[in-house]
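Structural characterization, general
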Amino acid sequence: MFPELGQFSLILALMLAIPLAVVPLAGSLTGRDSLQAFARPLAAGQFVFVAIAFGLLTHAFMVDDFSVAYVANNSNSLLPWYFKFSAVWGSHEGSLLLWVLILAGWTLAVAIFSRRLPSVMIAQVLSVMGMVSVGFLLFLLLTSNPFERILPNVPTDGADLNPLLQDFGLIIHPPMLYMGYVGFSVVFAFAIAALINGRLDAAWARWSRPWTTVAWAFLSLGIALGSWWAYYELGWGGWWFWDPVENASLLPWLAGTALVHSLAVTEKRGVFKSWTVLLAILTFSLSLLGAFLVRSGVLTSVHAFASDPTRGQFLLALLAITIISSLTLYAFRAPVVHSRIRYGSASREVFLLLNNVLLMAAMLLVLVGTLYPLILDYLGMGRLSIGEPFYNLTFSPVAIALALLMGAGIFSRWKKTDGGWLSRKLLWPLAISLIMAVLVPLWLGEFKPWAFAGCFGAAWIAVATFQDLWQKSSSRKGRWHGLRRQTRSYYGMVLGHLGIALTMSGATVVSNYGIERDVRMTPGDVAEIHDLQFEFVKIGERQGANFVAQTAQVDISRGGRPVTTLYPEKRQYQVQRNMMTEAGIDGGLFRDLFVALGERVSDDAWAMRLQYKPLIRWVWLGAIFMAAGGFLAIADRRYRIKDKLPTTEPARVPEPDAQGALANRRADPLPGGAS
Amino acid sequence: MHPIRKKRLTIVLFLLVGLGIAVGLATYALRQNISLFYDPSQIAAGDAPQDVRIRAGGMVEENSVKRDPESLRVRFRVTDFESSVVMEYTGILPDLFAEGQGVVATGRMGPDGVFVADEVLAKHDENYMPPEVKDSLEKAAARAEKNTAQSIPEY
């Protein structure tokens, strides 16, 4: 009975989402407060029923109710309880339910944390989110019902969760990622609402900013978790494959990063309004494109779910409706550019404009690389693949250019920056980065141009950021006072940019100086990589909860002194009979040692992959910094000062004078995120 | 020029330059770095270019996997049940590589007609077949059917 209740509460959620999409919007257009007041209760009700449905599906997994087809296909009585829990979103239907739950959660969060917004605005924002929700609830109920039963022939046991997904990374990777994807629906809704009532002003940007930053922070974490999971669970030590599905998550991240920055300009200076709105629409559309790519079966990858053409068509229709309707609205309502606000050629506005141009270029490159093969294939013009070399050649130069821009941009000021002053500021970063970019590659091995460029870019960002922090925090009352005087959003930016520097240095060093060797080894053999000796000691069998493993023991030493012992495994899962490689990894801040057991090549010989991966942890550490920066930025005091925001009157763009004052205030930083 | 128009012009120019760089880089990189897929019949017919990175795939023939006893070099035949091609690979094969399963490899054709792979991908679950391989098997099967249909009157 419980699964039917789950189904029923999903239908009830839809019955609440439909009025949510219509009633408050109608109220806002006709000026009837009584109708607008429906927005919050409907948002809350929708969340409650989606949560009940999600709880009931979780319950079905926990009690091994194999009469539910989705449970039977993705669980097994032998599965440990925590994997039963994460199996709820282990495949298409359940992960879509998670998506809908998170969407309902964001809607509820907007309803709760926007008490200070004008009621017209909040009614429209919640209505737009209701529309998105109607689309996804319909998709869930019509094409992907997670509660479908197998009756009367209930299987005695389930087909098990794909062993690749039986892992801690999967428990947290999808929820984080979806928090990001779906979170961009909030800024999308704000943009649409602003277009509907024609109030595209600094207040609108201020309201949208924290939501965008949070979604962006979650997406950064989600992508990093996915990369980390691929590194240790797919078994072979790569951390980014330019797989179309990875790209699908990178696209909204790049657009979202641009959005975080252009929102800053719109809020602070009241310019780039039309562009910011367009970017908000684009970011959410790219999230939907990601959903389409993953769930329609057009791609084949670890992430892609089983293909079903109706799902693809439904999502494509959803994507088309979103893009066409929002762009039509944009075409009619986007403000005619008549801003009288001026800025000089080296101003912060221009740096952020260039940031947006480069991020869009990077996004387009990834988009072309992802869609080109799909389109050619669809047109029947042959099958081809675009791999790593394409992205190395195109994405890396754009990333380096962005790094150069970031270092200089951090010193720039609103309205006008003196060119000579700026170049004097950049002398130190230039000198230190040049030294680092020459020394680090030489110290790690040979000099390589890409390593030079990457190290230079990363050092440039880091040195400039620290220099800016040092100069801004100088105070007659002492350093500590100066540091405390800086706003949280400024520290958010510092963390975000340092995160980029960390990720960039990690990616540069590991891809240029990582060592990888495939060797054939019999017990007793010693192989040497870097300055380390890997000894294959022995191999034995081990029984796990739901698998049997061949476990090898590999002792690693440096010149006779033991460093660590690793136990890479080859696992055979009992239900699906799949072979899985479980790598042995010794992680460290400066290097990872990685041993993966390949196949048995003769009676006593095994193939082994030995790897030395310098600075690989920095790639993910950087993402943690970026996310932390995002969360810190939204904790900024100015988002909580009530009297700053008029609650009923529309906020106006500050007068040019006020902006001048704003720009001249020295510590008026650019909060939020990184590029 | 009016300062605002000038500003707008700079913005538009920036956007165009950015877009131009992106498109230029992309087309250049695309020309260099795409790898087209060839099935064993096309390779046997000599359609596949030498010394260009291409992809090839099909089913691994039964009893065709031969290992070098000293190193990790392995040779196997890949077929679309019409023609077959010998592939050589040095390294660790994926977990799901097995005889009778579908694989897709990336590499180059050598002058001796051996496909030297630098990457071998196998299907990653029971139901999945690489779409290229599925396509090529269907085509080969269709050709075979046509041949039988044509040959019926002779018997």
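None of the values given here were measured: they were computed from a predicted structure.

1. What about the overall build of chain A?
Scanning chain A from N- to C-terminus turns up 21 helices and eleven strands. Compactness check: chain A gives a C-alpha radius of gyration of 27 Å against a globular reference of 26 Å for 675 residues, within 12% of the reference. Overall, the C-alpha framework of chain A stretches about 80 × 70 × 55 Å when taken along its three principal axes. In chain A, which comprises 675 residues, the proportion classed as buried is 60%. Of all intrachain contacts in chain A linking residues separated by at least 6 positions in sequence, the fraction that spans at least 24 positions is 74%.

2. Considerations on the overall build of chain B
Along its length, chain B carries three helices and seven strands. Walking chain B from its N terminus toward its C terminus, one meets helices and strands in the order α-β-α-β-β-β-β-β-β-α. Summed over all atoms, the accessible surface of chain B reaches about 8800 Å², with 55% contributed by carbon and sulfur.

3. Describing the pattern of salt bridges
Residue and element names in this part refer to chain A. Counted by the stated rule, this structure contains 21 salt bridges over all chains. As a salt-bridge pair, Asp 531 and Arg 558 come within 3.0 Å of each other at their nearest N and O atoms. In this pair, Asp 531 is assigned in the loop between β3 (526-529) and β4 (532-543) and Arg 558 in strand β5 (residues 547-558), connecting sequence segments 27 residues apart. Among the residues examined, Arg 558 registers a relative accessible area of 34% and is labelled partly exposed.

4. A few points about the packing of aromatic side chains
Residue and element names in this part refer to chain A. Scanning all chains against the criterion turns up 27 aromatic pairs over all chains. Pairing Phe 452 with Phe 456 gives two aromatic rings, centres 6.3 Å apart and planes at 25°, and the pair type is stacked. Of this pair, Phe 452 and Phe 456 both sit in helix α17 (residues 449-472), four residues apart, roughly one helical turn. An aromatic cluster is defined as three or more aromatic residues linked by ring pairs; in this entry it consists of Trp 240, Trp 242, Phe 390, Tyr 391 and Phe 395.

5. Describing the side chain of Ser262(A)
All names here are of chain A. With respect to the element layout, Ser 262 can be found in helix α10 (residues 244-269). Within polar-contact distance, the side chain of Ser 262 engages the side chain of Thr 276 at 3.2 Å. If we ignore the near neighbours within four places in the chain, the residues touching Ser 262 are Trp 275, Thr 276, Leu 279 and Asn 356.

6. Here we look at unusual backbone geometry
Glycine aside, residues mostly have negative phi angles, and peptide bonds mostly take the trans form. That bond from Leu151(A) to Pro152(A) is cis: its omega, 0°, falls within 30 degrees of zero. By the secondary structure assignment, Pro152(A) is in the loop between α7 (119-143) and α8 (168-196).

7. A closer look at the environment of Gly544(A)
Inspection of the secondary structure puts Gly544(A) in the loop between β4 and β5. Distance from Gly544(A) to Leu469(A), taken between C-alpha atoms, is 51 Å for residues 75 residues apart in sequence.

8. Description of the interface of chain A and chain B
Tallying the contact residues gives 43 residues for chain A and 37 residues for chain B. Joining chain A to chain B, the criterion identifies one salt bridge. Elements that contribute at least two residues to the side of chain A that touches chain B include exactly α13 (348-378), β1 (384-386), α14 (388-409), β2 (515-521), β8 (579-582), β10 (591-600) and β11 (606-614) of chain A. Per-element tally for the side of chain A that touches chain B: the top contributor is α13(A), with nine residues. The residue makeup of the side of chain A that touches chain B, split by class, is 25 nonpolar, ten polar and eight charged.

9. Some thoughts on the sheet that holds strand β9 (residues 584-586) of chain A
Residue and element names in this part refer to chain A. Pairing in this open sheet of four strands is antiparallel, and the strands run β2-β11-β10-β9 from one edge to the other. The sheet is open, and its two borders are formed by β2 and β9, each paired with just one other strand. This sheet shows a mean twist of 15° between the axes of neighbouring strands, independent of strand direction. As defined by bridge partners, β9 adjoins β10 across three bridges and the pair is classed as antiparallel. Of the residues in β10, the one forming a bridge with Ile 585 is Phe 594.

10. Points about the pairing of β10(A)
Residues and elements named next belong to chain A. Taking burial as the measure, the ten residues of β10 include nine buried ones, the bulk of the element. Both β10 and β11 contribute to a ladder of eight bridges, which runs antiparallel. Across the sheet, residue Asp 592 finds its bridge partner in β11, namely Lys 613. The antiparallel hairpin formed by β10 and β11 contains five residues in its connecting segment.

11. Brief notes about the domain arrangement of chain A
Residues and elements named next belong to chain A. Examined at the domain level, chain A breaks down into domain 1 (1-198), domain 2 (204-272 + 339-513 + 622-675) and domain 3 (523-604). Facing six residues of domain 2, the contacting portion of domain 3 comprises ten residues. Together domain 2 and domain 3 conceal approximately 630 Å² of surface at their shared face, both sides included; 57% is due to carbon and sulfur atoms. Between domain 2 and domain 3 we count zero salt bridges in total. Joining domain 2 to domain 3, the criterion identifies one residue pair in polar contact (both at pLDDT 80 or more). Counted by class, the side of domain 2 that touches domain 3 contains three nonpolar, two polar and one charged residues.

12. Here's the deal with a nonpolar patch on the surface
Together, Met62(A), Val63(A), Trp81(A), Tyr82(A) and Phe85(A) line one region of the surface with nonpolar side chains, adding up to about 500 Å² of accessible area. By residue number, the principal contributor to the nonpolar patch is helix α5 (residues 81-86) of chain A, which donates three residues.

13. Comments concerning the packing of helix α6 (residues 92-112) of chain A against α8(A)
Residue and element names in this part refer to chain A. Contact geometry of α6 with α8 gives a least axis separation of 9 Å together with a crossing angle of 50°. On the basis of their axis angle, the class for α6 and α8 is oblique. In the crossing of α6 with α8, the sense of the turn from one axis to the other is right-handed. Two secondary-structure elements touch here, α6 through Ser 95, Leu 98, Trp 99, Ile 102, Leu 103, Trp 106 and Val 110 and α8 through Pro 174, Pro 175, Tyr 178, Met 179, Tyr 181, Val 182, Gly 183, Ser 185 and Val 186. Classifying every residue of the contact of α6 with α8 gives 13 nonpolar, three polar and no charged.

Rules used throughout
- Residues numbered from 1 in each chain as written.
- Chains lettered and ligands numbered in written order.
- Predicted model: local features only at pLDDT ≥ 70, side-chain atom pairs only at ≥ 80, totals over all residues.
- Heavy atoms only, no water.
- Helix = DSSP H or I, 4+ residues; strand = E, 2+ residues; numbered from the N terminus.
- Rg over C-alpha atoms; globule rule 2.2 N^0.38 Å.
- Buried < 20%, exposed > 50% of the residue type's maximum accessible area, 1.4 Å probe, protein only.
- Contact = heavy atoms within 4.5 Å.
- Areas by Shrake-Rupley, 256 points an atom, 1.4 Å probe, with all protein chains shown as cover.
- Salt bridge = Lys/Arg side-chain N within 4 Å of Asp/Glu carboxyl O.
- Phe/Tyr/Trp six-rings, centres within 6.5 Å; stacked < 30°, edge-to-face > 60°.
- Polar contact = N/O pair within 3.5 Å; in protein donor to acceptor, adjacent residues only side chain to side chain.
- Nonpolar A, V, L, I, M, F, W, Y, C, P; charged D, E, K, R; others polar.
- Pairing = 2+ DSSP bridges.
- Axes fitted to C-alpha atoms, helices over the stretch in contact; angles between N-to-C directions.
- Domains from an automatic or database assignment.
- Buried area = accessible area lost by both parts, 1.4 Å probe.
- Patch = residues over 30% accessible without salt bridge, like charges linked within 9 Å, V, L, I, M, F, W, Y side chains within 5 Å.
- Parallel < 35°, antiparallel > 145°, perpendicular 65-115°, else oblique.
- Left-handed = near helix turned anticlockwise from the far one by under 90°.

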